[in-house]
Amino acid sequence: EAQVTQNPRYLITVTGKKLTVTCSQNMNHEYMSWYRQDPGLGLRQIYYSMNVEVTDKGDVPEGYKVSRKEKRNFPLILESPSPNQTSLYFCASSLSPKNYGYTFGSGTRLTVV
Amino acid sequence: AQRVTQPEKLLSVFKGAPVELKCNYSYSGSPELFWYVQYSRQRLQLLLRHISRESIKGFTADLNKGETSFHLKKPFAQEEDSAMYYCALQAAGNKLTFGGGTRVLVKP
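In short, a report on the structure. (Residues numbered from 1 in each chain as written. Chains lettered and ligands numbered in written order. Predicted model: local features only at pLDDT ≥ 70, side-chain atom pairs only at ≥ 80, totals over all residues. Heavy atoms only, no water.)

## Here's the deal with the nonpolar core
As a rule of thumb, soluble globular proteins bury nonpolar side chains together. Residues and elements named next belong to chain B. In this structure, Leu21, Trp35, Leu47, Leu72 and Tyr85 are the most contacted members of the largest nonpolar core, which totals 25 residues. Looking at this core, the elements with two or more residues in it are strand 2 (10-14), strand 3 (19-21), strand 5 (32-38), strand 6 (45-49), strand 8 (69-74), strand 9 (83-90) and strand 11 (102-107). Residue contributions to this core peak at four residues, all from strand 9. Excluding residues within four positions of it along the chain, tyrosine 85 makes contact with Gln6, Leu21, Trp35, Tyr36, Val37, Leu47, Phe59, Leu72, Gly101, Thr102 and Val104. (Core = buried A, V, L, I, M, F, W, Y, C linked by side-chain atoms within 4.5 Å. Buried < 20%, exposed > 50% of the residue type's maximum accessible area, 1.4 Å probe, protein only. Helix = DSSP H or I, 4+ residues; strand = E, 2+ residues; numbered from the N terminus. Contact = heavy atoms within 4.5 Å.)

## Some thoughts on the pattern of salt bridges
Under the counting rule described, the total for this entry stands at eight salt bridges over all chains. For the salt bridge of B:Lys22 with B:Glu20, the shortest nitrogen-to-oxygen distance reads 3.8 Å. For B:Glu54, the salt bridge goes to B:Arg49, with nearest N and O atoms at 3.5 Å. Connected through shared salt-bridge partners, A:Lys18, A:Lys65 and A:Glu79 make up one network. (Salt bridge = Lys/Arg side-chain N within 4 Å of Asp/Glu carboxyl O.)

## Looking at the state of the cysteines
All names here are of chain A. Throughout the structure, instances matching the rule amount to two disulfides over all chains. Here cysteine 23 engages in a disulfide with cysteine 91; their sulfurs sit 1.8 Å apart. Where cysteine 23 bonds to cysteine 91 through sulfur, the torsion about that S-S bond is close to -75°, and the disulfide is left-handed. Highlighted residues: cysteine 23 in strand 3 (residues 19-25) and cysteine 91 in strand 9 (residues 87-94), separated in sequence by 68 residues. Look at cysteine 23 and you get buried, because its relative accessible area is 3%. (Disulfide = S-S within 2.5 Å.)

These results come straight from atomic positions and should not be treated as a statement about function.
Structure representation (structure tokens):
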């Protein structure tokens, strides 16, 4: 089944403890992206990638890192999480965003205490 | 910088009534616009693309460049249309900007 898979689905962590949220897609999509969803703010783009080793900042990149060493994976790294990064995170991928839009993962609910 | 505005946070309609979700955008280039929908406990999914001029689940959306709008419409709302709807703008460089979302509640 063609899909975007995120892990974990739920995560509670403490301030300052590095964490990684994994994202994998099996559709051979070149484009991948990370979003955070917060009440009243909708979805905001954190980082996006247009191909292997090509990444760029979205609207809210502070406090996050990404890497794209292979086409199928696009992990989101929080080196030193803070409570204001408590949010619902979505990974998405696309063959051609302008023509087909994005396919989204199920989301990762992160709580930083 | 691009911006997408959905002025209504909540729309409550009765089953069978028309529903219109407003979306306004600001962007200096030629926009690519989308509507995404998120049903309860499900992932976000693409509903409509303006370039395809399609009708999905009875919904249509017309791009009005003069008014910089991309409103989503359905003539007869169904209970299964209850969901969160997001308007999104794809800019150059593949940056996708979402509006704040509109929650639609269709009452029986």
